[in-house]
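# Summary of the model geometry
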Amino acid sequence: MGEPLPPVDSEVQQLRADLEDLESFTLKVRAELSDDVGDLDGQVAELTKLVARLTDRVDWLERQLRSSGSVAEFDLDDVGSEATSLAEAAELARVRSGQLLSDGERGELHAAIVDYEKVSAECDQRTADALQASAILSVTSYDDKEHQAAAEEFREAFALRTDAVHRREKRQEPAERARRALAEDKLLRAEYEPVIADGARAAEALLDLLRERITTAVGKGAMLPLWFTTSLGPTAPAADTDAWIRTATQVLAYRVTYRVGDALMPLGATPGSSAPAHRREWHTELASALAALQ
């Protein structure tokens, strides 16, 4: 692969430091000139160009280092069996959670049952009203005013009962399906809750482990893989460091969980429609987070 280039590594480190200093200085100048750009705006433009040239230089030197083999690339994906087991436990919990009804779904099912019970109660009330009116009819004469009033009450109650019975019949099957679905979900929830709880703890432990792995590598100035440097840069930025390390840790957790081995794309291929919803959502969130860091 050519002659080793030991001095290049130190040059990269120095250039990175110079680049960070220049970026900070450029931001400072921009802030100071926000109200009075004038002729000094050209100086800011020159500084911006210099930063761009230094960035290109760093990229070139890193390519030389990788091709020369003088500096070994740190394999972030090689996390070991402990992290792999934690990722599997966390993923199983996500799968099991996806098999349970969401709060929204449970709410809709409960609403269907309540609606049916409400209409059933109305139906019972209209039946009682009709029976009460019929009892009066049975003990009064036809030309009696009380009889005539009861007849009107009976006709009204009977019509309302007929409408209520029709509405109850339409709601009966959905309510029965809702009861079955909630009963099944209750059984599954009792079975899966320990797995989900264990998975939540595993997910936290995994993130802690991966965060330490990344910060240790960055702190030692290790040559990070291309999928990392092309999306996150070679090291943490001076500003928004917490957001950077959170995103980097989540990206590595995604790669470990789904065994993403792509050397250039941090998240690999976009998961298709057949992939679990939670994976597609996670991929979308991470893609947005990476884009926000650019």
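This text follows the structure it describes.
Residues numbered from 1 in each chain as written. Predicted model: local features only at pLDDT ≥ 70, side-chain atom pairs only at ≥ 80, totals over all residues. Heavy atoms only, no water.

### Focus on the pattern of salt bridges
Opposite charge on two side chains permits pairing when their charged atoms draw close. All told, the structure shown has 14 salt bridges when counted by the stated rule. For E173, the salt bridge identified is with R180, shortest N-O distance 3.5 Å. Here the salt bridges share partners, and the residues they tie into one network are R106, D185 and R189. (Salt bridge = Lys/Arg side-chain N within 4 Å of Asp/Glu carboxyl O.)

### Observations concerning the nonpolar core
L76, L206, I214, F228, W244, L252 and Y254 are the most contacted members of the largest nonpolar core, which has 31 residues in total. Looking at which element gives the most residues to this core, the answer is helix α7 (residues 241–258), with nine residues. Leave out the neighbours within four places in its chain, and L76 touches R213, I214, L224, P225, W227, F228 and L252. (Core = buried A, V, L, I, M, F, W, Y, C linked by side-chain atoms within 4.5 Å. Buried < 20%, exposed > 50% of the residue type's maximum accessible area, 1.4 Å probe, protein only. Helix = DSSP H or I, 4+ residues; strand = E, 2+ residues; numbered from the N terminus. Contact = heavy atoms within 4.5 Å.)

### Some remarks on a nonpolar patch on the surface
Together, L226, L264 and M265 make up a nonpolar patch on the protein surface, roughly 270 Å² of accessible area in all. With relative accessibility at 33%, the residue L226 sits in the partly exposed group. (Patch = residues over 30% accessible without salt bridge, like charges linked within 9 Å, V, L, I, M, F, W, Y side chains within 5 Å. Areas by Shrake-Rupley, 256 points an atom, 1.4 Å probe, with all protein chains shown as cover.)

### Details of helix α4 (residues 103–139)
Each α-helix winds once per 3.6 residues, and so residues spaced three or four apart point in a common direction. Relative to the 54 Å expected for 37 residues at 1.5 Å per residue, α4 spans 55 Å between its end C-alpha atoms, a close match to the ideal helical length. Of all the residues in α4, the buried ones are L109, I113, Y116, V119, S120, C123, A130 and A133. (Expected span 1.5 Å × (residues − 1).)

### Describing the environment of R280
Positionally, R280 belongs in helix α8 (residues 277–293). Classification of R280 by relative accessible area gives partly exposed; the value is 32%. Spatially, the C-alpha atom of R280 lies 7.8 Å from that of T270, the residues being ten residues apart in sequence. The residues touching R280, leaving out its near neighbours within four places in the chain, are P271, G272, S273 and A275. A distance of 3.0 Å separates a polar atom in the side chain of R280 from the backbone oxygen of A275. (Polar contact = N/O pair within 3.5 Å; in protein donor to acceptor, adjacent residues only side chain to side chain.)

### Notes on the environment of V114
Residue placement: V114 occurs in helix α4. By relative accessible area, V114 is classed as exposed at 51%. Separated by 61 residues in the primary sequence, V114 and A175 place their C-alpha atoms 8.3 Å from one another.

### Some remarks on the packing of α7 against α8
A packed helix pair is summarised by two numbers, namely the angle formed by the two axes and the spacing between the axes. Direction vectors running N to C along α7 and α8 enclose 145°, while the axes themselves pass 10 Å from each other. Note on packing geometry: the crossing formed by α7 with α8 is left-handed. When α7 is examined against α8, the residues W244, T247, Q250, V251, A253, Y254, T257 and Y258 are found in contact with a partner set consisting of H278, R279, W282, H283, L286, A289, L290 and L293. Broken down by class, the residue content of the contact of α7 with α8 amounts to ten nonpolar, five polar and one charged. (Axes fitted to C-alpha atoms, helices over the stretch in contact; angles between N-to-C directions. Left-handed = near helix turned anticlockwise from the far one by under 90°. Nonpolar A, V, L, I, M, F, W, Y, C, P; charged D, E, K, R; others polar.)

### With respect to the side chain of T257
Looking at the element boundaries, T257 is found in helix α7. Exposure remark for T257: the relative accessible area of 10% places this residue in the buried category. Separated by 2.7 Å, the side chain of T257 and the backbone oxygen of A253 make a polar contact. With near-sequence residues (within four places) excluded, T257 lies in contact with A87, E91, R94, L206 and W282.

### Let's talk about helix α3 (residues 81–98)
For α3, spanning 18 residues, the distance from its first C-alpha to its last is 26 Å, which sits close to the expected 26 Å at 1.5 Å a residue. Those residues of α3 that sit buried are A83, L86, A87, A90, E91 and A93. Taken around the axis of α3, the buried residues stretch over an arc of 155°, which confines them to a single face. On its buried face, α3 sits against α5 (145–219), α7 and α8. (Arc of directions from axis to C-beta.)

### So, the side chain of D185
Of note, D185 is situated in helix α5. On the basis of relative accessible area, D185 is assigned to the buried category, the value being 3%. Reaching out from D185, the side chain makes a polar contact with the backbone nitrogen of L101 at a distance of 2.8 Å. Aside from chain neighbours lying at most four places away, what touches D185 is L100, L101 and R106.

### Observations regarding the environment of T230
Summarising the element assignment, T230 is placed in helix α6 (residues 226–232). Look at T230 and you get partly exposed, because its relative accessible area is 48%. A C-alpha to C-alpha distance of 8.5 Å links T230 and P266, two positions 36 residues apart in sequence. Of the polar contacts made by the side chain of T230, one reaches the backbone oxygen of L226; its length is 2.7 Å.

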